[in-house]
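Spelled out, the chains give:
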Amino acid sequence: MAKESAKGININFLNTFFIVITMIVFCFILLISQNVSNRFHAVQKAIDKFITCEQSSGIIKDASNSMTELARLFVVNRDTKYALAYLKEIEEDKRQMRALEALQNVCSEDDLALQRLKIAISQAESLTMMELYAIKLGYEAQGIENMPERIREIEIRESDKGKSSEELQEIAMKNLFGDGYLIYKTRINRNCDLTVTALENQIKDELNLNSHELGENIQRLRALFFVLLVMNVLIFIALALLVLLPLRQFQSSIARDQKLVIIGAKEFKNLAQSYNEIYEIKEKNTQSLLEKAEYDALTGILNRRAFDQICKTSAEKRTSIALLLIDMDNFKHINDTYGHSGGDTALKELARILTETFRKDDYIARIGGDEFAAILKDFKPDSIDKIVEKIGEVNENLGTLDSRFGIKPVSVSVGAAYSSNGFSEQLYKNADKALYAVKEAGRRGCRVYEEGIG
């Protein structure tokens with residue numbers, strides 16, 4: 001018949017369960033962490049965009065103001081270095097175009113900020129044409145023929161041709177300081193300011209959205225880390241209850257040569273059941289060996305060889321026992337008076353009486369001619385006085401040999417000793433000392449070993 005498997009928690013299933021749950025939790029943590037990372041990148045991108053736009057707007061405004069200042073200085077002071085500096089700005093430095101290119105790198109074509117800056121650039125180009133025309137008029141008013149190529153290419157309007165130097169100077173001044181020029185200038189600055197304001201609002205909206213998402217994701221991460229903490233506690237508890245505690249119990253039971261308690265995970269319960277089955281087989285075999293040990297041919301009880309084996313087993317198990325060394329008094333006199341048959345009768349009767357007086361689980365053995373021994377299993381120290389009583393009963397029964405067998409009554413002298421750790425040579429010596437004390441006191445009786453005997 002197949003052995004029934006133990007019921008309980010399967011440690012392999014539990015291990016797989018915790019691994020799967022942990023992997024799922026870590027997957028969620030990775031996804032949320034990626035989302036958090038994306039949100040941080042979005043915030044960083046928005047901030048970079050705002051910084052670039054603010055810088056680009058400032059550069060466009062500064063470049064426009066600088067060019068206006070140079071054009072006005074040239075017209076007012078008539079110093080060509082200002083005109084040359086103006087041309088250097090639009091031909092070499094090109095700060096406005098570079099600012100627009102920087103913004104295009106962080107903005108899409110549909111971005112409102114980029115569209116507004118393009119308008120500002122377009123207005124700045126119109127303003128540049130007005131400034132260049134004023135510079136051209138300045139050169140004409142001064143009668144300077146060696147003018148830069150860019151200035152030379154500018155055509156004088158028909159309405160301004162043939163006018164005097166003073167009139168040309170006045171027209172140039174009007175171009176740079178008139179209401180039309182100022183309107184263009186104001187629009188450029190206004191569009192730059194609106195660009196920054198619009199972008200500020202956009203960045204605020206994005207930051208609010210991302211901050212809200214970040215807050216929710218952080219809460220989710222906290223919840224997942226709490227789940228991991230709880231799982232670790234559960235794993236520790238499961239490990240302690242299902243693995244560590246059973247192992248300690250098993251180790252203790254094996255050390256005491258006892259059956260294992262069926263506890264722990266299903267695998268440990270099955271292991272304990274298998275061990276207990278083997279343990280029972282071993283116990284039966286041990287008991288069978290003891291039962292089949294060599295018996296004394298005359299008395300039918302265990303002989304010296306069996307006694308020695310029992311002592312060895314007891315020493316290994318280290319359980320509490322009491323050892324009795326029993327000598328028949330004046331056995332030689334019985335043999336001399338009644339012959340060997342009379343002596344044999346006395347020995348057999350002693351063996352029978354000892355077997356009936358003590359428990360079935362106790363071991364009674366003949367270890368010599370008229371020497372007997374008894375090993376009392378699982379003996380308790382508070383029962384030591386009962387040994388003396390039982391030996392008294394044995395001597396009373398031996399006193400009836402004359403009426404039953406026609407043999408002069410005999411008696412026994414007994415030395416007893418107790419051990420809580422199984423048989424040992426010292427235990428034997430202690431029992432022998434107690435026996436010697438009985439013989440010295442006149443035989444017929446029992447003495448339990450105590451310090452000071454012998």
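Worth saying up front: this structure is predicted, and the values here are computed from it rather than measured. (Residues numbered from 1 in each chain as written. Predicted model: local features only at pLDDT ≥ 70, side-chain atom pairs only at ≥ 80, totals over all residues. Heavy atoms only, no water.)

Q: Provide a residue-level description of the overall build of the protein, including the pertinent values.
A: Across its full length, the protein holds 13 helices and five strands. In terms of overall dimensions, the protein is more spread out than a globule: its C-alpha atoms have a radius of gyration of 59 Å, far above the 22 Å expected for 454 residues. Projected onto the principal axes, the alpha-carbon positions of the protein cover approximately 180 × 55 × 30 Å. Restricting the contact set of the protein to residue pairs at least 6 apart, pairs at least 24 apart contribute 69%. With the model as given, the accessible surface of the protein reaches about 26,100 Å², and the carbon-plus-sulfur share is 54%. If the 59 positive side-chain charges of the protein are averaged to one point and the 65 negative ones to another, these points end up 5 Å apart. (Helix = DSSP H or I, 4+ residues; strand = E, 2+ residues; numbered from the N terminus. Rg over C-alpha atoms; globule rule 2.2 N^0.38 Å. Contact = heavy atoms within 4.5 Å. Areas by Shrake-Rupley, 256 points an atom, 1.4 Å probe, with all protein chains shown as cover. Lys, Arg positive; Asp, Glu negative; His and termini not counted. Charge placed at Lys NZ, Arg CZ, Asp CG, Glu CD.)

Q: Pulling in residues and values, what's your account of the pattern of salt bridges?
A: Applying the stated rule across the entire model yields 16 salt bridges. Two residues, Lys 136 and Glu 140, come together in a salt bridge whose shortest N-O distance is 3.8 Å. One end of the pair is Lys 136 and the other is Glu 140, both in helix 4 (residues 112–142) and four residues apart, which spans about a single turn. For Lys 136, a relative accessible area of 5% translates into the label buried. The closest approach of N and O atoms between Lys 161 and Glu 158, which form a salt bridge, is 2.9 Å. (Salt bridge = Lys/Arg side-chain N within 4 Å of Asp/Glu carboxyl O. Buried < 20%, exposed > 50% of the residue type's maximum accessible area, 1.4 Å probe, protein only.)

Q: How would you summarise a negative patch on the surface if you had to cite specific residues and measurements?
A: Among the surface-exposed residues, Glu 91, Glu 92, Glu 149 and Glu 153 lie close enough to one another that they form a single negatively charged patch. Among the secondary structure elements, Glu 153 is positioned in the loop between helix 5 (149–152) and helix 6 (165–177). With relative accessibility at 52%, the residue Glu 153 sits in the exposed group. (Patch = residues over 30% accessible without salt bridge, like charges linked within 9 Å, V, L, I, M, F, W, Y side chains within 5 Å.)

Q: Give me the lowdown on the environment of Glu 440, citing residues and values where you can.
A: Following the sequence through the fold, Glu 440 ends up in helix 13 (residues 425–440). Taking the C-alpha atoms as reference points, Glu 440 and Ala 240, 200 residues apart in sequence, are found 61 Å from one another.

Q: Describe the environment of Lys 7, listing the residues and the values that go with them.
A: Residue position: Lys 7 is located in the segment before helix 1 (11–77). Along the backbone, Lys 7 and Glu 440 are 433 residues apart, and their C-alpha atoms lie at a distance of 64 Å.

Q: Now, about the pairing of strand 4 (residues 412–419): what can you tell me, with residues and values included?
A: Within strand 4, seven of the eight residues are buried, which leaves the element mostly enclosed by the surrounding structure. Sheet topology places strand 1 (residues 321–328) next to strand 4; eight bridges connect them, and they run antiparallel. Paired with Met 328 across the strands is Val 412, a residue of strand 4. Pairing geometry for strand 4 and strand 5 (residues 445–448), over four bridges, is parallel. When the sheet's bridge partners are listed, Ser 413 is paired in strand 5 with Gly 445. Following the backbone out of strand 4, through helix 13 and into the adjacent parallel strand 5, one traces a crossover that is left-handed. (Pairing = 2+ DSSP bridges. Right-handed = clockwise from strand over helix to strand, strands pointing away.)

Q: Now, about the packing of helix 10 (residues 331–357) against helix 11 (residues 384–398): what can you tell me, with residues and values included?
A: In the contact formed by helix 10 and helix 11, the axes pass within 10 Å of each other and the chain directions differ by 145°. Like other packed secondary-structure pairs, helix 10 and helix 11 cross with a definite hand, here right-handed. Where helix 10 abuts helix 11, its residues Leu 350, Ile 353, Leu 354 and Thr 357 lie against Lys 390, Glu 393, Val 394, Asn 397 and Leu 398. When the residues that make up the contact of helix 10 with helix 11 are grouped by side-chain class, the tally is five nonpolar, two polar and two charged. (Axes fitted to C-alpha atoms, helices over the stretch in contact; angles between N-to-C directions. Left-handed = near helix turned anticlockwise from the far one by under 90°. Nonpolar A, V, L, I, M, F, W, Y, C, P; charged D, E, K, R; others polar.)

Q: Kindly report on the sheet that holds strand 4, identifying the contributing residues and their values.
A: Within the open sheet, the five strands sit side by side as 2-3-1-4-5. Their pairing is mixed. Each edge of the sheet is formed by a strand with only one pairing partner; in this case those strands are strand 2 (363–366) and strand 5. Neighbour to neighbour, the strand axes of the sheet diverge by 15° on average, direction disregarded. Strand direction decides the pairing type here: strand 1 and strand 3 (residues 371–377), joined by seven bridges, are antiparallel. Looking across to strand 3, one finds that Asp 327 is bridged to Glu 371. Each of strand 1, strand 2, strand 3 and strand 4 is contacted by helix 10, which is oriented at about 155° to strand 1, the strand it contacts most. Contacts between helix 13 and the sheet are confined to strand 1, strand 4 and strand 5, with strand 4 contributing the most and set at about 150° to the helix.

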